Amino acid sequence: MAIKLSADEIALAIQAVRKVASKDIIPAGYSIDSRTLRSGDCFIAIRGVNYDGHQFIADAVRKGACLIIAHSDCQYPVELSWPVLYVNDTLIALQKLANYVRRKWGKTVIGITGSIGKTTTKEITGFVLESLFKVFKSMGNFNNDYGLPLSILKIEESHEIAVLEMGMSHAGEIARLCQIAQPSIGIVTNVRPVHLENFSTVSSIAKAKRELIESLSSEGTGILNNDDRLVRKFGRSFPGQVVTFGIMTPSSYRATDVRFGGLKGNEFRLDHKSRAHLLHLPLIGEHNIYNCLPGIAIAHHLGLGFEIIAQRMEQLKPAPGRGEILHFKKNFSVLNDTYNSNPAALEAMLKFVKRLKGYRRKILVAGEMLELGPAAKQYHRDCGSLAAGARIDLIIGVRGLAEHFIAAAREHGYDASRAPFFEDPEAAGEWLTREVKSGDLILVKGSRGVKTEKVIEVLKRDHALAA
């Protein structure tokens, strides 16, 4: 159960302007969505750009909300008998409350950011640490101004470590999240060209990511990707302890002698302080070695031995939509990587697929990549050329700017039968389900906003999964 706070304590934490509540009220949890609110929760009415949570206060009360936090200028009916705390801004109140809980809990917080791989890094880090600690991990990709504080409000007193993902789309966001979460350990996975609609250069993205390391105290620890030239620089002016990881460059924790195992993952030698440790990672692609190295570094830094770390590595499984492997009875396989997409992530998967052997055909379903800014068309064209260079047999584009992906492929000799474009994923799935053959390997790469997972849903509808 979440850390218990009385209504009076909550009011003090968020500096409620006016309160109509009882000290006997202790919420079981917190919600900003009346649809998922549970009886006994506190409902925080968030005023967004396209909606106003205040209009759902009555629904929340009917569903059993024990406490309401609302704007003092709320325009929707609020009965005097309802237990309400009034504040100037409910989003700020949510963040203040989360910070209060974090300080009251008072234990180790690990913050993770990066352009790609941060969710997988969070999951791996938490999984490894669970062998020694009771670990709290932020939910899914709850990593923004709303999601991170809601995650913190779910921390229990018995948790010993919290592993929190920190995302951003504007400068200053990570600094704000760090003010709330107050991490003592910070991981930066990499800096890549994402969210370019809000940043003019990759260097400006790096500056925003660096806010995590800048937020740490001199007693904190920064875990940095030494192979990323921008991330490497973050440690130069940091007064605390710097721990590095990498494959290409000398690092505190370095993966060497990487042995490609195809769909079975990778083996590699972990070098640390002149000693070597053989590890097997059952997750596909070299990019997942980068995703696991920070977790290894933190686990060892916090006292786990390499034997235990190796055992935990062996037990890792891909999360749905992140390199998930599906085998079908018709003897074709699907790599489900539909959780997110950007040029760097797509390039990593194409490199992996190119190395795979033993398949009759290799097929790529590529959804439109979002948040790439003014250069978005060129990024899609570049990725289309990469796919052609990877000798993909069929290249299928889905939605919007993916048409430029297909245009580039056709310039490399693909005709419409080998490189079709569809405006929606269902249509792409209907085409593919008729074309798929025994011996095919299909990579489905996209973002949740494009819903490329619907391509896989059509395949599952028409073709049975293997046992």
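Before reading further, recall that the structure is shown in the block above.
Calculation rules
- Residues numbered from 1 in each chain as written.
- Predicted model: local features only at pLDDT ≥ 70, side-chain atom pairs only at ≥ 80, totals over all residues.
- Heavy atoms only, no water.
- Pairing = 2+ DSSP bridges.
- Helix = DSSP H or I, 4+ residues; strand = E, 2+ residues; numbered from the N terminus.
- Axes fitted to C-alpha atoms, helices over the stretch in contact; angles between N-to-C directions.
- Disulfide = S-S within 2.5 Å.
- Buried < 20%, exposed > 50% of the residue type's maximum accessible area, 1.4 Å probe, protein only.
- Parallel < 35°, antiparallel > 145°, perpendicular 65-115°, else oblique.
- Left-handed = near helix turned anticlockwise from the far one by under 90°.
- Contact = heavy atoms within 4.5 Å.
- Patch = residues over 30% accessible without salt bridge, like charges linked within 9 Å, V, L, I, M, F, W, Y side chains within 5 Å.
- Areas by Shrake-Rupley, 256 points an atom, 1.4 Å probe, with all protein chains shown as cover.
- Salt bridge = Lys/Arg side-chain N within 4 Å of Asp/Glu carboxyl O.
- Lys, Arg positive; Asp, Glu negative; His and termini not counted.
- Charge placed at Lys NZ, Arg CZ, Asp CG, Glu CD.
- Core = buried A, V, L, I, M, F, W, Y, C linked by side-chain atoms within 4.5 Å.

Draft legend 1. Here's a closer look at the sheet that holds strand S9 (residues 185-188). Strand order across the open sheet formed by nine strands is S7-S8-S6-S9-S10-S11-S12-S13-S14, with mixed pairing between neighbours. A strand with exactly one partner marks an edge of an open sheet, and here the two such strands are strand S7 (135-137) and strand S14 (275-281). Geometrically, the sheet is characterised by an average inter-axis angle of 20 degrees between neighbouring strands, direction not taken into account.

Draft legend 2. Region of interest: the state of the cysteines. Applying the stated criterion across every chain, the model contains zero disulfides. Cysteine Cys74 is unpaired, with the sulfur of Cys42 as its nearest cysteine sulfur at 14 Å. A residue is classified by how much of its surface remains accessible, and Cys74, at 17% relative accessible area, is buried.

Draft legend 3. Representation of the packing of helix H15 (residues 425-435) against helix H16 (residues 453-462) in the model. Put simply, H15 and H16 touch, their axes get as near as 8 Å, and they point 40 degrees apart. Taken together, the axes of H15 and H16 are oblique relative to one another. Between H15 and H16 lies a crossing whose hand is right-handed. Of the residues in H16, those in contact with Pro425, Glu426, Ala428, Gly429, Glu430, Leu432 and Thr433 of H15 are Lys454, Val455, Val458, Leu459, Arg461 and Asp462.

Draft legend 4. Representation of a positive patch on the surface. Taken together, Arg229, Arg232, Lys233 and Arg236 make up a surface patch of like positive charges. In this structure Arg236 comes out as exposed when scored by relative accessible area, which is 66%.

Draft legend 5. Expanded view of H15. Every buried residue of H15 is accounted for by Pro425, Ala428, Gly429, Trp431, Leu432 and Thr433. Its buried side turned inward, H15 meets strand S17 (361-367), strand S18 (394-398), strand S19 (421-422), strand S20 (440-445) and H16.

Draft legend 6. Summary view of the pattern of salt bridges. For the coordinates displayed, the defined rule picks out 25 salt bridges. In this structure, Arg35 and Asp33 form a salt bridge, with 2.9 Å as the shortest nitrogen-oxygen distance. Under the relative-accessibility criterion, Asp33 is labelled partly exposed at 22%. A salt bridge links Arg399 to Glu368, with the shortest nitrogen-to-oxygen separation between them at 3.0 Å. One end of the pair, Arg399, is in the loop between S18 and helix H14 (402-411); the other, Glu368, is in the loop between S17 and helix H13 (376-389), with 31 residues separating them in the sequence. The structure contains a network of salt bridges with shared partners spanning Lys122, Glu123, Lys137 and Glu165.

Draft legend 7. Structural view of the nonpolar core. Core analysis: the biggest nonpolar cluster contains 55 residues, and Ile10, Ile69 and Ile152 have the highest contact counts within it. Counting residues per element, this core draws most heavily on helix H3 (residues 90-105), which supplies seven residues. Excluding its chain neighbours within four sequence positions, the residues that come into contact with Ile69 are Ile10, Ile14, Cys42, Phe43, Ile44, Ala45, Leu85, Val87, Thr90 and Ala93. Counting 36 residues, the second largest nonpolar core, distinct from the first, contains Leu129, Ile185, Phe268 and Leu316.

Draft legend 8. How the structure looks around the pairing of strand S3 (residues 41-44). Covered by surrounding structure in S3 are Asp41 and Phe43 together with Cys42 and Ile44, the residues of both alternating faces. In this structure, strand S2 (residues 29-31) lies alongside S3, joined through three bridges in parallel fashion. From the neighbouring strand, Ser31 faces S3, where its bridge partner is Phe43. Relative to strand S4 (residues 67-71), S3 runs parallel, the two sharing three bridges. Bridge pairing links Ile44 to Ile69 in S4.

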